[in-house]
Amino acid sequence: MHIRRTLGTAALTALALAATAVGPAQADAAAVLTTGSLGGPAAAVGDVLTASLLSGTAATFYDGATSTNGISCANSSFSATVTANPAAPGNAVEQLNTQTFDSCTSNVLGVTGVQSISVDNLSYTNTVGDSAGNPVTLSPGTAGPMQTTVVLNTVLGSVNCVYQQATSISGTTDNTATSIGFAAQPFALTSGSGLCFQTGYFTATYGPVTDTSVAGSPAIYVN
C-alpha cells in the first residue's frame, strides 16, 4: 500500500511539473513583429524602425496607376516608432515620424527639375497585420490628412503641388526581403497649377526594415 501511494504521489508531481513547463512555453507566442528572424525576440514598444528604398528600386509619383509619367526619386527613407506589438496573430502599430525623398527627376512636359518633396502633417499611423498577404494600412494621425508637397522647377518658375489622402493607403510586407511596399496608392491634388497632375499615384518599396534600437540593427520580420 505504501508503495502504491508513493507511486501515485510521484505521478501527480510529474504531471504538475509538466503542466508548469508547458504553460509558459504556450504563453510565449511570437509577437507580430520580431527582430532577427521569424519567431525571434519581439520588437519592443518604443523601438525605432528605419529603412531606405530597396536596392535597385525608386519611389515614384505618377499621373496614373500604370503610367510612367511623373516623378521618380532615387533616394527615400523613413523612421517609425513601434507603439503596439501584440502576440501573433494580430496587428502591430507603428508611428511614422519621418519620410524623406531626394535625387528626384521628372519627365513632365514643362518641368525642368524637382526642387523638393516633403511629407506634411506627420505623424501617421501604420498598422501591420500578419493575416494572409501581410497587409499594411497607413492612415493619417491627429495633425490632419496625409499630405505631400511637391515643388517643381518649371520654365515659368517654381510651382507647388499639394497632394492629400484623407483616409488611408494600403501596402504589404515581405519577409524574404524584410521590406514594406506600397503600389500605385492615390493622392488627390488639393492645390497647384496645370503642371500638377490631378492624382499622384505613389509607389515605393523600403527594405530591409531594421530595428535601430537593438544592437546590430537586426531586420524586422512579421510573424
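Notes on the structure in this doc start here. Remember, it's a predicted structure, so these values are computed and weren't measured experimentally. (Residues numbered from 1 in each chain as written. Predicted model: local features only at pLDDT ≥ 70, side-chain atom pairs only at ≥ 80, totals over all residues. Heavy atoms only, no water.)

1. A word on the state of the cysteines
Defined simply, a disulfide is a covalent bond joining two cysteines at their sulfur atoms.
In step 1: Within the structure shown, the criterion is met by two disulfides.
In step 2: The disulfide partner of C73 is C104, and the S-S distance across this bridge is 2.1 Å. Between C73 and C104, the S-S torsion sits near 105°, and that sign places the bridge as right-handed. Of this pair, C73 sits in strand β4 (residues 70–84) while C104 sits in strand β5 (residues 91–106), placing them 31 residues apart in sequence. An identical accessibility class is assigned to C73 and C104; each is buried.
In step 3: If you count the bonded cysteines of the chain from the N-terminus, they pair up as 1-2, 3-4. (Disulfide = S-S within 2.5 Å. Helix = DSSP H or I, 4+ residues; strand = E, 2+ residues; numbered from the N terminus. Buried < 20%, exposed > 50% of the residue type's maximum accessible area, 1.4 Å probe, protein only.)

2. Some thoughts on the packing of aromatic side chains
For any pair of aromatic rings, geometry is given as the distance between the ring centres together with the angle between the planes.
In step 1: Applying the stated criterion to the full structure yields six aromatic pairs.
In step 2: Judged by centre distance (5.3 Å) and plane angle (70°), the rings of F61 and F101 are edge-to-face. Highlighted residues: F61 in strand β3 (residues 59–62) and F101 in strand β5, separated in sequence by 40 residues. Pair check on accessibility: F61 and F101 agree, each one buried.
In step 3: Both rings, one in Y163 and one in F197, keep their centres 5.9 Å apart while their planes meet at 35°; by these two values the pair is tilted. In this pair, Y163 is assigned in strand β10 (residues 157–165) and F197 in the loop between β12 (179–191) and β13 (199–206), connecting sequence segments 34 residues apart. F197 carries the same exposure label as Y163, and that label is buried. (Phe/Tyr/Trp six-rings, centres within 6.5 Å; stacked < 30°, edge-to-face > 60°.)

3. Looking at unusual backbone geometry
In step 1: With omega at 0°, the peptide bond leading from A88 into P89 counts as cis.
In step 2: For P89, the location among the structural elements is in the loop between β4 and β5.
In step 3: Following L122, the chain continues to S123 via a peptide bond in cis, the omega torsion being 10°.
In step 4: With respect to the helices and strands, S123 occurs in the loop between β6 (111–120) and β7 (124–129).
In step 5: In this structure, N121 takes a positive phi of about 60° despite not being glycine.
In step 6: Within the secondary structure layout, N121 lies in the loop between β6 and β7.
In step 7: In this structure N121 comes out as partly exposed when scored by relative accessible area, which is 23%.
In step 8: Positive phi outside glycine occurs at A184, with the angle close to 50°.
In step 9: Along the chain, A184 turns up in strand β12.

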